[in-house]
Amino acid sequence: MTDATASDVAPDTRATGRTLYIASVVFLCAWVIVPIYFLLINTLSSPETVNSFPKPFWPEFDLGSLTFFAGFAGMLTALKNSVIVAAMTMVMSIVIGAPAGYALSRFEFPGKGLFRLLILLTRAFPLPLLALPLAVMFIQTGLDDTAFGLALVHTTLAIPFAVLITFSLFSGIPMELEEAAWTLGCTRLTAFTKVVLPLILPGITASAIFAFVISWNEVFAAAVLTIENRTLTAFLLQNLDTSPLHLKFAGGFILVVPALIFIFAVRKYLFAMWGIANR
Amino acid sequence: MNARILPYVLILPVTLFLCLFFLYPFVLVSKQAFSTGAGFTLDNFREVVSYWKFPISMQNTLLLAAAVVPVQLALALLMATMVNKMQKGRDIVLYIWTIPLGISDLAAGIIWLAIFEQSGFLNSMMSGLGIVDQPVNFLSYQHPGVVFLAIALAEIWRATAIMLVILVAGIGLIPKEYYEAAEVFGASPWKRFTRITLPMLRPSLQTALVLRVILAFEIFAVVAALGGTLFPVLMGETYAYQFDLLNSGAAAAMALIILGISIAFTLVILRVLRVPKGATI
């Protein structure tokens, strides 16, 4: 008898647990998506609707806000600047960072520990603050208010990630593959370009995208270092007090869109990157 | 090229770059903070600390970090364990949960502004349900609690994803055998979580907490979008010194204070969660 009641209860609690589990997964997904959906509604509504009350809960697919955004003086230039700076950051952090990642994964050398410490140290610092002294340095060298100057600061932000991520990616490719290529007549360089590079390319792309996003999203250094050539984040920040709601929301949405695409593109690598970068 | 020199050639660009754009500016900012034109002085620090907004912005920053980081840690742990035993739909759920990782703090602030502003969605919902007759201006000085809540929610919404990613990666590294053994000995799921997952996850918890706490002290754009001047924080004050007051010495002093707090907390976290030597997986 007791057996029967026990087996009666067990599936029941399990089912409740299962329902609770699924409910919390759904709730947490909604917690992420619903706020973005609200922003989407505001972006795809006419300026009048955005400033009216109460709000509709579905978009009216009016491009008024977005047109206003595109027509706002300086906005498209700011958008262009953001893309340029982010692209520069992407290229620089990979070109400078990837060789170091390769060195860390393939060689044991004196000073390796010290070098890793330097990389890890940068993560423990509020880096955007370094934009303050750099502002002075850039004025002296003529780099002030240029996309390149800002890209240099953003590269500092992105480089620790680029090094650690490429380090973990290269570690995932067995040394034996390269050694086999050497025995078949490849030099170190050709072995790298013909064997390692094709295998690593998707991962490199993912970490490049990561660098792009870091730069695209950065606010403080961008606001400190640019005056005429504002990036989109700096421009929006500067105009927060004065700009109308529909401009803020459309601007915010433009900031979010690349993020959605980029995270989707790198989703497979996200966890592999952090797995080894942890150690 | 010789295999002895090659690694140094490969790390040279990063080292040079970081010396020029990380170590050197750090020296510069320290110099700037400790001088007002002639010789060593603490005047900048005295000026910054005695300003009436300093205690309140310090308090706000610390309170916010204290409210946000524990919630994020708990939430990230919960999400990571949930995702870990998921069979169907793991990829799509993980994608959705990591979306905020790519969203800037400014955009997150704007997103939550859409909810909390006077004609926003919270007011629309509340009036639809008949709770309020008139839309309430939540983000004003009459509702300091709501301003704090809005900023905290935006931060939790945005920055839990980075902890989640680190923790999911960390859990993936824990060998399955430990769990199998625990199950053989009849350990409950909760026991398995506290006795295996948490201790084994210590290196990841360390990384996640250090990163999050440092970013929490740097909070700036979320506050600018939601609270404006209603809720002064350290980073916002630094920006104000640099731009509105054109006092770069004071801004540098603020920067060093934020740096000091960050380093202090990093050391505490590393100490509390230290991994015994040889105990890594």
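Residues numbered from 1 in each chain as written. Chains lettered and ligands numbered in written order. Predicted model: local features only at pLDDT ≥ 70, side-chain atom pairs only at ≥ 80, totals over all residues.

Caption draft 1: Spatial organisation of the overall build of chain A. Along chain A, the regular secondary structure elements total twelve helices and zero strands. Helices and strands in chain A line up, N terminus first, as α-α-α-α-α-α-α-α-α-α-α-α. Computed over the C-alpha atoms, the radius of gyration of chain A is 25 Å, more than 25% above the 19 Å expected from 2.2 N^0.38 for a compact globule of 279 residues. A separation threshold of at least 6 residues defines the contact pool for chain A, and within that pool the share at least 24 residues apart is 74%. (Helix = DSSP H or I, 4+ residues; strand = E, 2+ residues; numbered from the N terminus. Rg over C-alpha atoms; globule rule 2.2 N^0.38 Å. Contact = placed C-beta atoms within 7 Å.)

Caption draft 2: Focus on the packing of helix α3 (residues 53-84) of chain B against helix α7 (residues 144-172) of chain B. All names here are of chain B. The N-to-C vectors of α3 and α7 enclose an angle of 45°; their axes lie 7 Å apart at closest approach. By the angle between their directions, the pair α3 and α7 is classed as oblique. Our pair here, α3 against α7, has a crossing hand that is right-handed. Residues of the contact of α3 with α7, tallied by class, amount to 20 nonpolar, three polar and one charged. (Axes fitted to C-alpha atoms, helices over the stretch in contact; angles between N-to-C directions. Parallel < 35°, antiparallel > 145°, perpendicular 65-115°, else oblique. Left-handed = near helix turned anticlockwise from the far one by under 90°. Nonpolar A, V, L, I, M, F, W, Y, C, P; charged D, E, K, R; others polar.)

Caption draft 3: Spatial organisation of the UniProt feature "transmembrane region" (unreviewed entry) in chain A. Residues and elements named next belong to chain A. As annotated by UniProt and renumbered to match this structure, "transmembrane region" (unreviewed entry) occupies residues 20-40, 85-105, 117-139, 151-174, 195-216 and 245-266. The span residues 20-40 is 100% helical and 0% strand by assignment, and the distance between its end C-alpha atoms comes to 30 Å. Taken end to end, residues 195-216 is 100% helix and 0% strand, and its two terminal C-alpha atoms sit 32 Å from one another. (UniProt positions renumbered as here; feature names shortened; annotations may be inferred.)

Caption draft 4: Region of interest: the interface of chain B and chain A. Chain B puts 80 residues into the contact, and the matching count from chain A is 73 residues. When residues in the side of chain B that touches chain A are grouped by element, the largest group, 16 residues, is from helix α1 (residues 6-33) of chain B. Per-class residue counts for the side of chain B that touches chain A are 57 nonpolar, 20 polar and three charged.

Caption draft 5: Summary view of the UniProt feature "transmembrane region" (unreviewed entry) in chain B. Here, the residues flagged by UniProt with the feature "transmembrane region" (unreviewed entry) are residues 5-27, 61-80, 92-115, 146-174, 209-231 and 251-273 of chain B. Summarising residues 251-273 of chain B: 96% helix, 0% strand, and an end-to-end C-alpha distance of 33 Å.

Caption draft 6: Representation of the nonpolar core within the structure. A:Ala131 and B:Leu226 are the most contacted members of the largest nonpolar core, which has 169 residues in total. Among the domains, domain 1 (2-43) and domain 2 (70-277) of chain A are the pair contributing at least three residues each to this core. Leaving out residues up to four positions away in the same chain, A:Ala131 has contacts with A:Val153, A:Phe220, A:Ala221, A:Val224 and A:Leu225. (Core = buried A, V, L, I, M, F, W, Y, C linked by C-beta atoms within 7 Å. Buried ≥ 20, exposed ≤ 12 C-beta atoms within 10 Å, placed from the backbone. Domains from an automatic or database assignment.)

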